[in-house]
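Working through the structure, step by step
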Amino acid sequence: MNYSTLATLIAWLFPTKDDRGRFRTFCRELDARKNSEIIHERYPQIIKKLQKDMQTRKLKVVFLNSENPKWVYQSLYEKFSNNPLFEVQVLITVREGLLKKKYEFCEWEKLAKNNYNFFKNQNMNVDFAFDFKKKKFKDLKEFNPDIIFYEQPWDLSEEQSIIKTSKYALSFYCSYGSCITNGRNEYSEVFYKDVYTYFLDNESVKNTLIEHGCNPDSLIVSGQPKLDAYLKPVNESNILWKTKDKKRVIWAPHHSFYEESMLKFGTFDWNYKYIYNFAKNHPEIEFILKPHPELKRQIVRNNLMSISEMTEYFKMWERLPNAQIYEMGNYFDIFRTSDLLITDCNSFLYEYLPTQKPVIQLINKHSVGHNSFGQKIVSGYYKANTIEELETLVNKVLINEEDPLLSVREKVIAEDLVQPSKGVANFILNFVLKIFSYEGKS
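What comes next concerns the included structure.

Criteria and cut-off values
- Residues numbered from 1 in each chain as written.
- Predicted model: local features only at pLDDT ≥ 70, side-chain atom pairs only at ≥ 80, totals over all residues.
- Heavy atoms only, no water.
- Helix = DSSP H or I, 4+ residues; strand = E, 2+ residues; numbered from the N terminus.
- Rg over C-alpha atoms; globule rule 2.2 N^0.38 Å.
- Buried < 20%, exposed > 50% of the residue type's maximum accessible area, 1.4 Å probe, protein only.
- Contact = heavy atoms within 4.5 Å.
- Areas by Shrake-Rupley, 256 points an atom, 1.4 Å probe, with all protein chains shown as cover.
- Lys, Arg positive; Asp, Glu negative; His and termini not counted.
- Charge placed at Lys NZ, Arg CZ, Asp CG, Glu CD.
- Pairing = 2+ DSSP bridges.
- Axes fitted to C-alpha atoms, helices over the stretch in contact; angles between N-to-C directions.
- Parallel < 35°, antiparallel > 145°, perpendicular 65-115°, else oblique.
- Left-handed = near helix turned anticlockwise from the far one by under 90°.
- Nonpolar A, V, L, I, M, F, W, Y, C, P; charged D, E, K, R; others polar.
- Expected span 1.5 Å × (residues − 1).
- Polar contact = N/O pair within 3.5 Å; in protein donor to acceptor, adjacent residues only side chain to side chain.
- Salt bridge = Lys/Arg side-chain N within 4 Å of Asp/Glu carboxyl O.

So, on to the overall build of the chain. Across its full length, the chain carries 16 helices and 15 strands. For 442 residues, the compact-globule estimate of 2.2 N^0.38 gives 22 Å, and the chain sits close to it at 23 Å. Per-residue burial for the chain yields a buried fraction of 54% across its 442 residues. Partitioning the intrachain contacts of the chain with sequence separation of at least 6 by distance along the chain shows that 70% fall at a separation of at least 24. Surface accessibility of the chain: about 20400 Å² in total, with carbon and sulfur atoms responsible for 49%. Computing the positive centroid from 61 side-chain charges and the negative centroid from 57, the chain places the two 5 Å apart.

Okay, structure coming up:
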């Protein structure tokens, strides 16, 4: 019997709801600690087996995905697929939380099939790790993976969790977004202690993870694989802008505008009407709305709009002749051909930096703030706390093309951005090869 089951049986002995909650949390932590020990006892045997298997067959690398806007592994997929020692596959799963009745309006099945098509349309090897008829998660073992790169540490089904997959595969993780905030999500997930190696964006979050009990040997600062996109020339087919002669603005709103949010970086609630009206009243400027994949769910869940009102709001954007909505991954060529980013989304604050172009950072004064690495990045951005400040900055930075903070961004790029000379994917591939004593065969 595990501790969580014990908690369910005897929690009634505690006099208050808070006491019972603390007892259940304590028991879950004991279970997590026990599972982590089991997982890490398995890894050496897995490595020994795979070292032997590599003599006679290719190792299979799978990338688990439930939301392609968070797809971080494109360059890594390509690196492994081009190496004769490996075969690769993307497996489409579903965020477990979306199966709850309250999220029925999200059409999780349609979302999963759109994810599948995103990869299939790029001629990538992709399959479903979810049985739609049975509404059941598939055991990843049936796909014969040797290495699994996870997309995110939360909303994983037990069937596809590391405690299951560590019986037969090594697990790896790269953050799908950024590691630039003080949010507890940067360090609190048990997943970070279970994964064989977590490839990190920066030293700041590594130090924080160590402070919270993660093994330093499992934390490798590699840089962000998404930024490998900047090593390639712009792909004209990915640009997607409607015109060539207008100034181009990306608005990328985060979902964390509501009181109960862990992060509280979101500002959508106070600026969504203004930014739409600005786009409507400025046909000489072209806009792309790039919402966080969680935004629509939180708009409804937190009663900012009803389902019909939320649907109509986004349709209003689609009807604008100078605007469009883009909700997929593979957006770096859009970044590189834009003139300005307006956002409160931390991953984009980081990912947009190599363009050297200006950013208007929308500020929520209640946010958890940024770590030391994040503070360096946002030091080169223009801050808007109100509609009035946003309007002033748009006129200054976009219309008048004034950018006094450009030199700050250039300095951060030169001194603080972790980018291995041959790319992050090449660094990670070589790291994996060293595990199996195949150093130098990338």
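Here we come to the sheet that holds strand β15 (residues 382–384). In space, the six strands of this open sheet follow the order β12-β11-β10-β13-β14-β15, with parallel pairing throughout. Edge positions in the sheet fall to β12 (323–325) and β15, since each has one partner strand and no second. Strand-to-strand twist of the sheet, defined as the mean angle between neighbouring strand axes without regard to direction, takes the value 20 degrees. Summarising the sheet, strand β11 (residues 285–289) and β12 pair through three bridges and their orientation is parallel. Bridge assignment links Ile 288 to a residue of β12, and that residue is Gln 324.

Helix α10 (residues 307–319) packs onto helix α8 (residues 268–281) with a crossing angle of 30 degrees between their chain directions and a minimal axis gap of 10 Å. By the angle between their axes, α8 is roughly parallel relative to α10. Along this stretch, α8 crosses α10, giving a crossing that reads as left-handed. Here Phe 268, Tyr 272, Ile 275, Tyr 276 and Ala 279 of α8 come into contact with α10, specifically with Tyr 313, Met 316 and Trp 317. Of the residues that constitute the contact of α8 with α10, the class distribution is eight nonpolar, no polar and no charged.

This part covers helix α16 (residues 424–435). Compared with the 16 Å implied by 1.5 Å per residue over 12 residues, the 17 Å span of α16 between its first and last C-alpha is a close match. Buried residues dominate α16, accounting for nine of its 12 residues. Every buried residue of α16 is listed here: Val 424, Ala 425, Asn 426, Ile 428, Leu 429, Asn 430, Val 432, Leu 433 and Ile 435. One or two positions beyond α16, positive phi appears at Ser 437, with a value near 60 degrees.

Sheet architecture is open: seven strands sit in the order β3-β2-β1-β6-β7-β8-β9, paired in parallel fashion. At either end of the open sheet lies a strand with only one pairing partner, and these are β3 (126–128) and β9 (219–221). The sheet shows a mean angle of 25 degrees between the axes of neighbouring strands, taken without regard to direction. Of the strand pairs in this sheet, strand β1 (residues 59–65) and strand β6 (residues 147–150) are connected by three bridges, and their pairing is parallel. By the bridge assignment, Val 61 is partnered in β6 with Ile 147.

Residue placement: Ser 175 occurs in the loop between β7 (170–174) and α6 (191–194). Within the structure, the side chain of Ser 175 is placed 3.3 Å from the backbone nitrogen of Gly 177, a separation counted as a polar contact.

Here the focus is the pattern of salt bridges. Applying the stated criterion across every chain yields a total of 19 salt bridges. Among the salt bridges present, the one from Asp 53 reaches Arg 57, with a minimum N-O distance of 2.9 Å. Here Lys 247 makes a salt bridge to Glu 401, at a shortest N to O gap of 3.3 Å. Here Lys 247 is found in strand β10 (residues 247–252), whereas its partner Glu 401 is found in the loop between α14 (387–399) and α15 (406–416), with 154 residues between them in sequence. What you see here is one network of salt bridges that share partners, running through Glu 67, Lys 70, Arg 95, Asp 155, Glu 294 and Arg 297.

Of note, Val 61 is situated in strand β1. Between the C-alpha atoms of Val 61 and Asn 303, which are 242 residues apart in sequence, the distance is 42 Å. Among all residues touching Val 61, those that are not within four sequence positions of it are Phe 80, Phe 86, Glu 87, Val 88, Gln 89, Ile 147 and Phe 149.

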